[in-house]
There are 2 protein chains.
Amino acid sequence: MELNGKSNGKAHNKQLILNAFVMNTPGHLSPGLWKHPRNHTEQYKKLGFWTDLAQLLDKAGFHAMFIADTLGPYDVYKGPHNFEPGLAAGAQFPVNDPLYLVPAMAAVTKSLIFGVTASTTYDKPYALARRFSTVDHLSDGRVAWNIVTSYLESAARNHGLETQIEHDFRYVLAHEYMDVLYKLWESSWRDDAVVADRKAGTYATAGRVRNIEHKGKYFTVPGAHICEPSPQRTPLLFQAGTSGAGRSFGAKHAEAIFVGGQTPEKVRASVDSIRQLARDEFGRDPYHVKIIAGISLIVAETDEAAQEKQQDLLKYGDREGALTLFGGWTGVDLAQYTDDEDFQFSDKPGIRSVVNRWAETVPGTENLKWNKGRIVDFLLLGGMMPKIVGGPQKIADELERWAEVADVDGFNLSHITNPGSFEDIIEFVIPELRKRGLFRTKVPEGITAREQVFGQPGLLSDHYGSKFRWAAGEDAPRYLADDLEPAPKRRKVNGN
Amino acid sequence: MELNGKSNGKAHNKQLILNAFVMNTPGHLSPGLWKHPRNHTEQYKKLGFWTDLAQLLDKAGFHAMFIADTLGPYDVYKGPHNFEPGLAAGAQFPVNDPLYLVPAMAAVTKSLIFGVTASTTYDKPYALARRFSTVDHLSDGRVAWNIVTSYLESAARNHGLETQIEHDFRYVLAHEYMDVLYKLWESSWRDDAVVADRKAGTYATAGRVRNIEHKGKYFTVPGAHICEPSPQRTPLLFQAGTSGAGRSFGAKHAEAIFVGGQTPEKVRASVDSIRQLARDEFGRDPYHVKIIAGISLIVAETDEAAQEKQQDLLKYGDREGALTLFGGWTGVDLAQYTDDEDFQFSDKPGIRSVVNRWAETVPGTENLKWNKGRIVDFLLLGGMMPKIVGGPQKIADELERWAEVADVDGFNLSHITNPGSFEDIIEFVIPELRKRGLFRTKVPEGITAREQVFGQPGLLSDHYGSKFRWAAGEDAPRYLADDLEPAPKRRKVNGN
């Protein structure tokens, strides 16, 4: 394991994973900042915008570009079903499909991993399996999948549902969905099925490809995977659920989990809980789940210069855009409240707890009202992410403290402007982290995403999905041979 | 209209459209030819294979790379549900998703159009609209969509259906599906909705984006399109249906239609029928539907050299692969027949008519049996496509004759090996066509697909989809203003 030294639970002296957090939209987490002179996210429609960014990150040694996604507009604020307040800020709307960016970005980079958000709720598993297999082939194994189940009401309605599928039931479906995917990705083609032997005239060998015969409670997929095994077979699996159902899903399936939270002390509780679940419930080495914290940095050569930069950036914030994002994320329409309402004492427990978490982390504001205006101030730069403003020393100190106290393996770094934020991190933060031995100096080239993170292209042997693997030379995939779950006998394909 | 001079029904002296017909699989239409020394289709998994091909075609002036697709394996021969006989030949299985190839190919080319097959049957319209809008943005408007409804039983079962949706009903669904797409692509965002005005702080202008409120018989899509208008809005629309329902669908929606048939005389009947339908039923200029014939060429410097090349290629054919493709295309399992059965006199009218069409076009074989062996011989190079073997003069004569007699606008040229076939066409055929004024010498750069074919980026005014357009400065999309169909009133978005 390249990144963590050894799996002994010690968080110290490990090298950090750094991801760039982006979205295929003009306005990601800092509404209104698209109009800052340094920023060009309005070019998100152009492929060159993305290949330039990919090359910048690749050269700097970033581990991954992680691309968020939504499948419907945020339409709660001044709603219902009103997307208009966010239009001026391009607040995560419009948003293009992220997976189409990956092959071209992979072609111009050597190491960068592309983590792409896609939902289990609206794509059929047979189709989604093909999409990721295709991109895993085209990227030489550098794609990762951020598994989401989609929480937006607007997405549900536009995809033909009357309303959303209930939260926990989405995860019930998602568990079976993953079984279908593992069967397609891991068990349908034997590792050595494709021989492409010109002399023998054999592209793929009969007897080494099987129909998966999946007949579950919610999905029926009888056939073989339509794609031959890709470099990773199963793409590296990311996840971000924080609910009970989401956390259990992540502890079972995810190889990297994104966590949110304002302080490393608070985040530590989530991290411990995830690692414990992974170990106790799913028999995994708890350090085979990489934990990545979301964070928003404003950096410059000195602490003072960073503060000035923050003041400059704030001038471009779009308050309606912030309220639009808040409405989408929380389901609460702040237009329904007066400007004076103090949400630290709100009768809506959801908002109250969110706001109290924020309040305790902004020094000197304990006695101030957390009204609409303060909420917007808080969200303008980096959304709900914890924020660190400072020069190289301060930033590196804080990231080091986070890694130790929260026991996280790395960070999803959001941008406030793009270009801008990542260039600053490359100029001011990465050299300092390297000086401290906290960031890799040598970046391995030409290997898959999973090899970079876990040292091998396929799922680790303690991952649930690995039991589906049909390895070279074996008569049947493991899960059938070991009879680990009730499964139909391997069916004779010829003349059945 | 660049290509056709004028729309007067005269087919003479027009310049031809030439497309390269390919598929994201080791074995497209010539089973077994993947193992020919010149061929490298086994590299289909690598992006470089595709960007190289795109550059070759672009430089040579080809109009489009047209990518076929299937959503399940061919599993009729020696079946049912048996994909094994085609594995050695890689006979259209495995097959990766074609749309992920486009952005990277567009990035390294200047003019080439990318026509991609995608089905209306398994993707939700809201999701498919987003996929094509994304790729239309990333390719600067050079994507075309080949609309199919998916005919394979294996695809239906793997996408969660018990069996296929009945053929004509798939087209009933597809018509409403297209209405949803036109509303999303053409009517949801006004042409001038996105202003990206940094000074005013307006990315998109409120009041110029609307929820489509589609509530039809089969689809309900209330929301706004999640993507801003792409260069073409609606991608250039291709189609290939030949049934009654398919032909009517094409005459209404398609801007280019692919036709099959062994002789130009026979094809002429289809062409006339399509053009007449387009004019009489849908009020279109009949030459606003470009008709493209599929054809398979074997070319060399002389007729004799081409014959020799054919004999060499035949040696690599995979007969089991041919029978696999035949089973998939026709639904008939030839394993159930003796080697002697003469299908010219079959009691299955479907095969009998197919075979008789072939028989009358292979001179000197009128009195020979069309048994299994001869069917396979016929299919090995180029599948069911009509075949022309010869030197530059003969090929150009034949293409010219086809264009005149069949009144087609161009050709989908299949490959037998790749690399190989397209290089030969570029070396031997294109110079001769140019000498005769039948192929463009100047290729326009940096314009959209539709501009190349019809002189403007948006749908032509006589196309059904154009009535959905929300043009700059207009209060509402045309179809609402003109009340061309029963539609809900434009809903007030704010505070509704």
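Being a predicted model, the structure only gives us computed values, none of them experimental. (Residues numbered from 1 in each chain as written. Chains lettered and ligands numbered in written order. Predicted model: local features only at pLDDT ≥ 70, side-chain atom pairs only at ≥ 80, totals over all residues. Heavy atoms only, no water.)

A separate point is helix 12 (residues 392-406) of chain A. Residue pairs spaced three or four apart in an α-helix point in one direction, given the helix's 3.6 residues per turn. All names here are of chain A. Its 15 residues give helix 12 an end-to-end C-alpha distance of 21 Å, which sits within 8% of 21 Å, the value for a rise of 1.5 Å per residue. Looking only at helix 12, the buried set comprises Pro 392, Ile 395, Ala 396, Leu 399, Trp 402, Ala 403 and Ala 406. Looking down the long axis of helix 12, one finds its buried residues gathered within 130° of arc, a one-sided arrangement. Along its buried surface, helix 12 packs onto helix 7 (264-280), strand 11 (290-299), strand 12 (387-390), strand 13 (410-414) and helix 13 (421-435). After helix 12 finishes, the residue Asp 407 shows a positive phi value of roughly 55°. (Helix = DSSP H or I, 4+ residues; strand = E, 2+ residues; numbered from the N terminus. Expected span 1.5 Å × (residues − 1). Buried < 20%, exposed > 50% of the residue type's maximum accessible area, 1.4 Å probe, protein only. Arc of directions from axis to C-beta. Contact = heavy atoms within 4.5 Å.)

Residue and element names in this part refer to chain B. Here Thr 324 is to be found in helix 9 (residues 319-330). The exposure class assigned to Thr 324 is buried, which follows from its relative accessible area of 3%. Each residue touching Thr 324, except ones within four places of it in the same chain, is listed here: Tyr 74, Tyr 77, Pro 85 and Gly 86.

What follows deals with the environment of Leu459(A). All names here are of chain A. Here Leu 459 is to be found in the loop between helix 14 (449-454) and helix 15 (478-481). Exposure remark for Leu 459: the relative accessible area of 6% places this residue in the buried category. Residues Leu 459 and Pro 235, spaced 224 residues apart in sequence, show a C-alpha to C-alpha distance of 8.8 Å.

Between chain B and chain A, which share one sequence, the superposing operator has a rotation angle of 180° and an axial displacement of 0.0 Å; the RMSD is 0.0 Å. The transformation just described matches what one would write down for a two-fold rotation axis. Considering only C-alpha atoms, the part of chain B nearest the rotation axis is Ala104(B), at 2.3 Å. Of all interface residues in chain B, 100% are interface residues in chain A too; the two copies therefore contact each other through one and the same surface. (Least-squares fit on C-alpha atoms with pLDDT ≥ 70 in both.)

This part covers the interface of chain B and chain A. On the chain A side, the residues contacting the 85 residues of chain B number 85 residues. Both sides of the chain B and chain A interface together cover about 6900 Å² of buried area, and 56% of this is carbon and sulfur. Interface area lost by chain B to chain A is led by Tyr100(B), Arg198(B) and Tyr203(B), which between them contribute 13%. At the boundary of chain B and chain A, one finds 12 salt bridges. (Buried area = accessible area lost by both parts, 1.4 Å probe. Salt bridge = Lys/Arg side-chain N within 4 Å of Asp/Glu carboxyl O.)

A separate point is helix 5 (residues 167-187) of chain A. For helix 5 of chain A, spanning 21 residues, the distance from its first C-alpha to its last is 29 Å, which sits close to the expected 30 Å at 1.5 Å a residue. Sitting at the head of helix 5 of chain A, Glu166(A) places a side-chain oxygen 3.1 Å from the backbone nitrogen of Asp168(A). (Polar contact = N/O pair within 3.5 Å; in protein donor to acceptor, adjacent residues only side chain to side chain.)

Our focus in this paragraph is the nonpolar core. Judged by nonpolar contacts, the single largest core of 238 residues is most densely connected at Phe62(A), Met65(A), Trp145(A), Phe62(B), Met65(B) and Trp145(B). Counting residues in each nonpolar core, the second largest holds 28 residues, with Leu33(B), Ala306(B), Ala359(B) and Val376(B) among its members. (Core = buried A, V, L, I, M, F, W, Y, C linked by side-chain atoms within 4.5 Å.)

Let us now look at the packing of aromatic side chains. A full pass over the atoms with the stated rule returns 48 aromatic pairs over all chains. Note on Trp34(A) and Tyr203(B): the rings are 5.5 Å apart at their centroids and 80° apart in plane angle, and the pair reads as edge-to-face. Of this pair, Trp34(A) sits in the loop between strand 1 (17-23) and helix 1 (47-60) while Tyr203(B) sits in strand 6 (residues 202-204), on two different chains. Owing to a relative accessible area of 0%, Tyr203(B) belongs among the buried residues under this scheme. Each ring, one from Tyr337(A) and one from Phe343(A), has its centre 5.1 Å from the other, and the planes form 75°; the classification is edge-to-face. On the accessibility criterion, Phe343(A) (0% relative accessible area) is buried. The rings of Phe21(A), Phe66(A), Phe238(A) and Phe258(A) are connected pair by pair, giving a single aromatic cluster. Over the ring of Tyr464(A) we find Lys252(A); its NZ or CZ atom is 4.0 Å from the centre of that ring. We note Lys387(A) situated over the ring of Phe378(A); from NZ or CZ to the ring centre the distance is 4.6 Å. (Phe/Tyr/Trp six-rings, centres within 6.5 Å; stacked < 30°, edge-to-face > 60°. Lys NZ or Arg CZ within 6 Å of the ring centre and 35° of its normal.)

All names here are of chain A. Positionally, Asp 179 belongs in helix 5. An unpaired buried charge is present at Asp 179: no salt bridge exists, and Lys 252, the closest side chain of opposite charge, is 5.0 Å distant. Polar contacts involving the side chain of Asp 179 include one to the side chain of Tyr 464, which spans 2.6 Å. (Lys, Arg positive; Asp, Glu negative; His and termini not counted.)

What follows covers the domain arrangement of chain A. Residues and elements named next belong to chain A. Assigned domains within chain A: domain 1 (12-318 + 386-468) and domain 2 (320-379). The contact between domain 1 and domain 2 buries some 1700 Å² in all, and 62% of this surface belongs to carbon and sulfur atoms. Taken together, the connections running from domain 1 to domain 2 amount to one salt bridge. For the salt bridge of Glu 320 with Lys 78, the shortest nitrogen-to-oxygen distance reads 2.9 Å. Applying the counting criterion to the domain 1 and domain 2 interface returns nine residue pairs in polar contact (both at pLDDT 80 or more). Here the residues of the side of domain 1 that touches domain 2 are counted per class, giving 10 nonpolar, six polar and four charged. (Domains from an automatic or database assignment. Nonpolar A, V, L, I, M, F, W, Y, C, P; charged D, E, K, R; others polar.)

Okay, the pairing of strand 2 (residues 64-68) of chain B next. Residue and element names in this part refer to chain B. Of all five residues in strand 2, five are buried; the element is thus mostly enclosed. Judged by which residues are buried, strand 2 turns out to be covered on both faces: Ala 64, Phe 66 and Ala 68 on one side and Met 65 and Ile 67 on the other are all buried. Examined bridge by bridge, strand 1 (residues 17-23) and strand 2 share five bridges and lie parallel to one another. Of the residues in strand 2, the one forming a bridge with Ala 20 is Met 65. Running through helix 1 (residues 47-60), the crossover from strand 1 to the neighbouring parallel element strand 2 is right-handed. Inspection of the sheet shows strand 2 paired to strand 3 (residues 113-119) by four bridges, in the parallel sense. If you follow Ile 67 over to strand 3, its bridge partner there is Val 116. (Pairing = 2+ DSSP bridges. Right-handed = clockwise from strand over helix to strand, strands pointing away.)

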